[in-house]
Amino acid sequence: MGRIVTSKKILVIIPCYNEAENVALLYNQIKEIQIENCKVTPLFINDYSTDNTKTKLEQIGAKYLDNPINLQIGGTVQLGFMYANENNFDIAIQMDGDGQHPPSELNKIIKPILLNEADVVIGSRYINKEGFQSTFFRRFGIDFFSKLNKLLVGITVKDSTSGYRAYNKNAICNLIDYYPDEYPEPEAIVYLVNKKLKIVEVPVLMKSRLGGVSSIKNFTSIYYMIKVSLNTLFLHLKMKSNG
Amino acid sequence: MDKIQIVAIIAVLFFIGLISRFIIRGKLRTEYSIIWILIGLILMVFSLWRQSLDLLAKFFGVFYAPSLIFIFFFFMIFIFLIHLSVVNSKQHEQIKKLAQEIALLKEKISEKNKI
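Here goes a summary of the coordinates provided.

Scoring rules and cut-offs
- Residues numbered from 1 in each chain as written.
- Chains lettered and ligands numbered in written order.
- Predicted model: local features only at pLDDT ≥ 70, side-chain atom pairs only at ≥ 80, totals over all residues.
- Heavy atoms only, no water.
- Helix = DSSP H or I, 4+ residues; strand = E, 2+ residues; numbered from the N terminus.
- Rg over C-alpha atoms; globule rule 2.2 N^0.38 Å.
- Buried < 20%, exposed > 50% of the residue type's maximum accessible area, 1.4 Å probe, protein only.
- Contact = heavy atoms within 4.5 Å.
- Areas by Shrake-Rupley, 256 points an atom, 1.4 Å probe, with all protein chains shown as cover.
- Lys, Arg positive; Asp, Glu negative; His and termini not counted.
- Charge placed at Lys NZ, Arg CZ, Asp CG, Glu CD.
- Pairing = 2+ DSSP bridges.
- Axes fitted to C-alpha atoms, helices over the stretch in contact; angles between N-to-C directions.
- Phe/Tyr/Trp six-rings, centres within 6.5 Å; stacked < 30°, edge-to-face > 60°.
- Lys NZ or Arg CZ within 6 Å of the ring centre and 35° of its normal.
- Parallel < 35°, antiparallel > 145°, perpendicular 65-115°, else oblique.
- Left-handed = near helix turned anticlockwise from the far one by under 90°.
- Nonpolar A, V, L, I, M, F, W, Y, C, P; charged D, E, K, R; others polar.
- Salt bridge = Lys/Arg side-chain N within 4 Å of Asp/Glu carboxyl O.

### A few points about the overall build of chain B
1) Next: Looking only at helices and strands, one finds 4 helices and 0 strands in chain B.
2) Next: Counting from the amino terminus, helix and strand elements in chain B follow one another as α-α-α-α.
3) Next: In terms of overall size, chain B is more extended than a compact globule, its C-alpha atoms giving a radius of gyration of 23 Å where 115 residues would be expected to give roughly 13 Å.
4) Next: Dimensions of chain B along its principal axes, counting C-alpha atoms only, are 80 × 30 × 15 Å.
5) Next: In chain B, which comprises 115 residues, the proportion classed as buried is 23%.
6) Next: Here the contacts in chain B between residues at least 6 apart in sequence split such that 54% fall between residues at least 24 apart.
7) Next: For chain B, the exposed surface amounts to about 9,100 Å²; the carbon and sulfur share of it is 74%.
8) Next: Of the charged side chains in chain B, 14 are positive and 7 negative, and the gap between their average positions amounts to 5 Å.

### Things to note about the pairing of strand β4 (residues 91-94) of chain A
All names here are of chain A.
1) Next: Judged by which residues are buried, β4 turns out to be covered on both faces: Ile91 and Ile93 on one side and Ala92 and Gln94 on the other are all buried.
2) Next: As paired strands, strand β1 (residues 8-16) and β4 are joined by 4 bridges and run parallel to one another. By the bridge assignment, isoleucine 13 is partnered in β4 with glutamine 94.
3) Next: Two elements, β4 and strand β6 (residues 165-168), share 4 bridges in a ladder whose sense is antiparallel.

### Re the sheet that holds strand β5 (residues 120-124) of chain A
Residue and element names in this part refer to chain A.
1) Next: The strand order β3-β2-β1-β4-β6-β5-β7 describes an open sheet built from 7 strands, whose pairing is mixed. In this open sheet, the two strands that pair with only one neighbour each are β3 (64-66) and β7 (199-203). Mean inter-strand twist for the sheet, computed between neighbouring axes without regard to direction, equals 20°.
2) Next: The pairing of strand β2 (residues 38-46) with β3 spans 3 bridges and is classified as parallel. Directly across from isoleucine 45, in β3, lies its bridge partner leucine 65.
3) Next: Sheet strands in contact with helix α7 (residues 185-194) are β4, β5, β6 and β7, and its direction is about 25° off that of β6.

### Things to note about the packing of aromatic side chains
1) Next: Taken as a whole, this structure holds 12 aromatic pairs over all chains when the rule is applied.
2) Next: Summarising the aromatic geometry, the rings of tyrosine 183 of chain A and tyrosine 224 of chain A are spaced 4.2 Å apart at their centres and angled 90° between planes, so their arrangement reads as edge-to-face. Highlighted residues: tyrosine 183 of chain A in the loop between α6 (169-177) and α7 and tyrosine 224 of chain A in helix α8 (residues 222-241), separated in sequence by 41 residues.
3) Next: Accessibility expressed as a relative area gives 16% for tyrosine 183 of chain A, which makes it buried.
4) Next: Judged by centre distance (5.2 Å) and plane angle (85°), the rings of phenylalanine 72 of chain B and phenylalanine 73 of chain B are edge-to-face.
5) Next: Assessed through its relative accessible area of 18%, phenylalanine 73 of chain B is described here as buried.
6) Next: A network of ring pairs unites the aromatic residues Phe144, Phe145, Tyr183 and Tyr224 of chain A as a single cluster.
7) Next: The ring centre of tyrosine 178 of chain A lies 5.8 Å from the NZ or CZ of lysine 238 of chain A, which sits over that ring.

### Side note on the packing of helix α5 (residues 136-153) of chain A against α8 of chain A
Two numbers describe a pair of packed helices, the interaxial angle and the distance between the axes.
All names here are of chain A.
1) Next: Interhelical geometry of α5 versus α8 gives an angle of 15° and a closest axis separation of 11 Å. Judged by the angle between their axes, α5 and α8 are roughly parallel. The handedness of the crossing between α5 and α8 is right-handed. Residue-level contacts link Phe140, Gly141, Phe144, Phe145, Leu148, Asn149, Leu152 and Val153 of α5 to Tyr224, Met225, Val228, Ser229, Thr232, Leu233 and His236 of α8.
2) Next: When its residues are assigned to classes, the contact of α5 with α8 shows 10 nonpolar, 5 polar and no charged.

### What about the pattern of salt bridges?
1) Next: Under the criterion given, the structure shown has 14 salt bridges over all chains.
2) Next: The salt bridge involving lysine 106 of chain B is made with aspartate 66 of chain A; its shortest N-O contact spans 3.2 Å. You can see lysine 106 of chain B sitting in helix α4 (residues 66-114) and its partner aspartate 66 of chain A sitting in strand β3, one on each of two chains.
3) Next: Residue classification places aspartate 66 of chain A among the buried residues on the basis of a relative accessible area of 11%.
4) Next: The residue glutamate 105 of chain A makes a salt bridge to lysine 108 of chain A at a minimum N-O spacing of 2.8 Å.
5) Next: Here glutamate 105 of chain A falls in the buried class, since its relative accessible area comes to 7%.
6) Next: Via salt bridges that share partners, Lys63 of chain A together with Glu107, Glu111 and Lys114 of chain B belong to a single interconnected network.

Shape descriptors only; they carry no functional weight alone.
See the structure below:
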């Protein structure tokens, strides 16, 4: 009797806000990926772009969702989780639509989930310090949130703002209940640890953006630091007090 | 009755009338109108019974009676603004949920139309 090999359904969630220049290349790159026993489906989510992202997505024939209003990055990614849950995907990947996260690195971030070693995998550019390393001020912010997370939940995620992540079913269900709207990445770590999920960080190569403009224009923005810190702190207190 | 008292009473009646009109026309939900009706009634008491403010000020030991009005209304407005922020946050979440559901439904419909 042969071993029954069940194929895993993998959804790659790509939030797009004014990414018309990047979607076609990204789509082709994802289509080329072959992972054993896995079926990889890219899902683009057009977050009410003001450019022709939607037309581009239609042209290339990609599967996409079209937000009726601007939901910001958090609401958009969360929508992807809802789609993954409804359509019974085993793993959801979150990948930026700007080409910073090379699809060729996908197998690295799903491996720990396929091996049942983690619920959440975060792709990090700081473990091996290869590829695009970002600017000084950005790195300061990333480091700050990394330390804040360490202080609150006791785990260290070096690339705390990395949006290149993989989640298993358990993590997806939890993120449908709660996911922050803006700059969700550092806060999500605190949430997921409080939900007793296992997070691992794996080294990946990242690039600088292909085109378009980043959603975070100035990482030093005081607003960003204060907002995310406060959110994270309040979320942690709330989850601790609810047991 | 002084002229100012008559003016005050008419103003308060107008105010209460306006609130009632908004409620009847469905432009103001009853839960948000309660505070405004309450304020209207308090204003009415002060307009009909002029000494009430002085008595109240004396009771609290306030030297300048009108400052009592300022502090009271400042406090009320402050609380109401916080309440509105809470309502706003709740609506933000509800709108987000609705938009997400719409996006999912739109995709389902277009999938059906393809077949």
